[in-house]
Amino acid sequence: MQELMDKPLICKRSVQVYFFYFITLTYWFSLYVYSPYFSPYVESLGASHSLTGLILGSYGLTAVFFRLPFGIISDRLQRRKIFVALGMILSGISCLGFWLTSTPVTALLFRAVAGISASAWVVFAVQFAGYFERDKAANAMSTLNAFCSLGQMTATFSGG
């Protein structure tokens, strides 16, 4: 009986997991909330169609270039939370930058920052998988990806 009383109702690990779900949802929300109107917005700043395409594509380009280094560095340092925090901070900076931007060049800069932020997702996934036993990791990652998609879907709906 004493053993049951000493055991907390919610273990520290489950609090971390639920917090991580929330972080994942808000992270992807912040990267997608402006997507439905971003292209017309950039064109309203005076960007040509070609420049608008470059600005939109800079997200993917920077994500490709930064994803592997983020993963390698976080593995070598064995410190992933700093990269998770960096991803969140960069996402906030990109959103704030879009809100304040008034030129296509600054839109390009902040879209590239959003891509760098998205590069941290690989570290998010590795950090989260570490919360679970190996045999439960696949189920946990499925749930994490559901929160990722929920954040994207909610953001796109809200932004539209």
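Residues numbered from 1 in each chain as written. Predicted model: local features only at pLDDT ≥ 70, side-chain atom pairs only at ≥ 80, totals over all residues. Heavy atoms only, no water.

### Digging into the overall build of the protein chain
- Counting its regular elements, the protein chain contains eight helices and zero strands.
- Taking the principal axes of its C-alpha atoms as reference, the protein chain extends roughly 70 × 35 × 25 Å.
- The contacts in the protein chain between residues at least 6 apart in sequence include a share of 80% that link residues at least 24 apart.
- Of the roughly 9700 Å² of accessible surface on the protein chain, 69% is carried by carbon and sulfur atoms. (Helix = DSSP H or I, 4+ residues; strand = E, 2+ residues; numbered from the N terminus. Contact = heavy atoms within 4.5 Å. Areas by Shrake-Rupley, 256 points an atom, 1.4 Å probe, with all protein chains shown as cover.)

### Examining the packing of helix α3 (residues 35–44) against helix α4 (residues 49–77)
- At a minimum axis distance of 10 Å, the contact between α3 and α4 shows a crossing angle of 130 degrees. On the basis of their axis angle, the class for α3 and α4 is oblique. Note that α3 runs across α4; the crossing there is right-handed. Residue-level contacts link Phe38, Ser39, Val42 and Glu43 of α3 to His49, Thr52, Ile55 and Leu56 of α4.
- For the contact of α3 with α4, the per-class residue count stands at four nonpolar, three polar and one charged. (Axes fitted to C-alpha atoms, helices over the stretch in contact; angles between N-to-C directions. Parallel < 35°, antiparallel > 145°, perpendicular 65-115°, else oblique. Left-handed = near helix turned anticlockwise from the far one by under 90°. Nonpolar A, V, L, I, M, F, W, Y, C, P; charged D, E, K, R; others polar.)

### Considering the environment of glycine 60
- With respect to the helices and strands, glycine 60 occurs in helix α4.
- Given a relative accessible area of 31%, glycine 60 falls into the partly exposed group.
- Taking the C-alpha atoms as reference points, glycine 60 and glycine 71, eleven residues apart in sequence, are found 17 Å from one another. (Buried < 20%, exposed > 50% of the residue type's maximum accessible area, 1.4 Å probe, protein only.)

### Description of unusual backbone geometry
- One non-glycine residue with positive phi stands out, namely glutamine 78, at about 55 degrees.
- Given a relative accessible area of 57%, glutamine 78 falls into the exposed group.

### A short note on the pattern of salt bridges
- Enumeration over the complete set of coordinates arrives at two salt bridges.
- Notably, a salt bridge pairs aspartate 75 with arginine 80, separated by 2.6 Å at the nearest N-O pair.
- Overall, aspartate 75 belongs to the partly exposed group, its relative accessible area being 40%.
- Here aspartate 135 makes a salt bridge to lysine 136, at a shortest N to O gap of 3.9 Å. (Salt bridge = Lys/Arg side-chain N within 4 Å of Asp/Glu carboxyl O.)

### Some details on helix α8 (residues 137–159)
- Helix length check: α8 (23 residues) gives 32 Å between terminal C-alpha atoms against 33 Å at 1.5 Å per residue, within 8%.
- Those residues of α8 that fall on the buried side of the exposure criterion are Ala137, Ala140, Met141, Leu144, Cys148, Gly151, Gln152, Ala155 and Gly159. (Expected span 1.5 Å × (residues − 1).)

### Digging into the packing of α4 against helix α6 (residues 104–119)
- Direction vectors running N to C along α4 and α6 enclose 30 degrees, while the axes themselves pass 7 Å from each other. With respect to their mutual orientation, α4 and α6 come out roughly parallel. Crossing hand, α4 versus α6: right-handed. Each of Leu51, Leu54, Ile55, Leu56, Ser58, Tyr59, Thr62, Ala63, Phe66, Arg67 and Phe70 in α4 lies in contact with α6, whose residues at this interface are Pro104, Ala107, Leu108, Arg111, Ala112, Ala114, Gly115, Ile116, Ala118 and Ser119.
- The residue inventory of the contact of α4 with α6, partitioned by class, reads 15 nonpolar, four polar and two charged.

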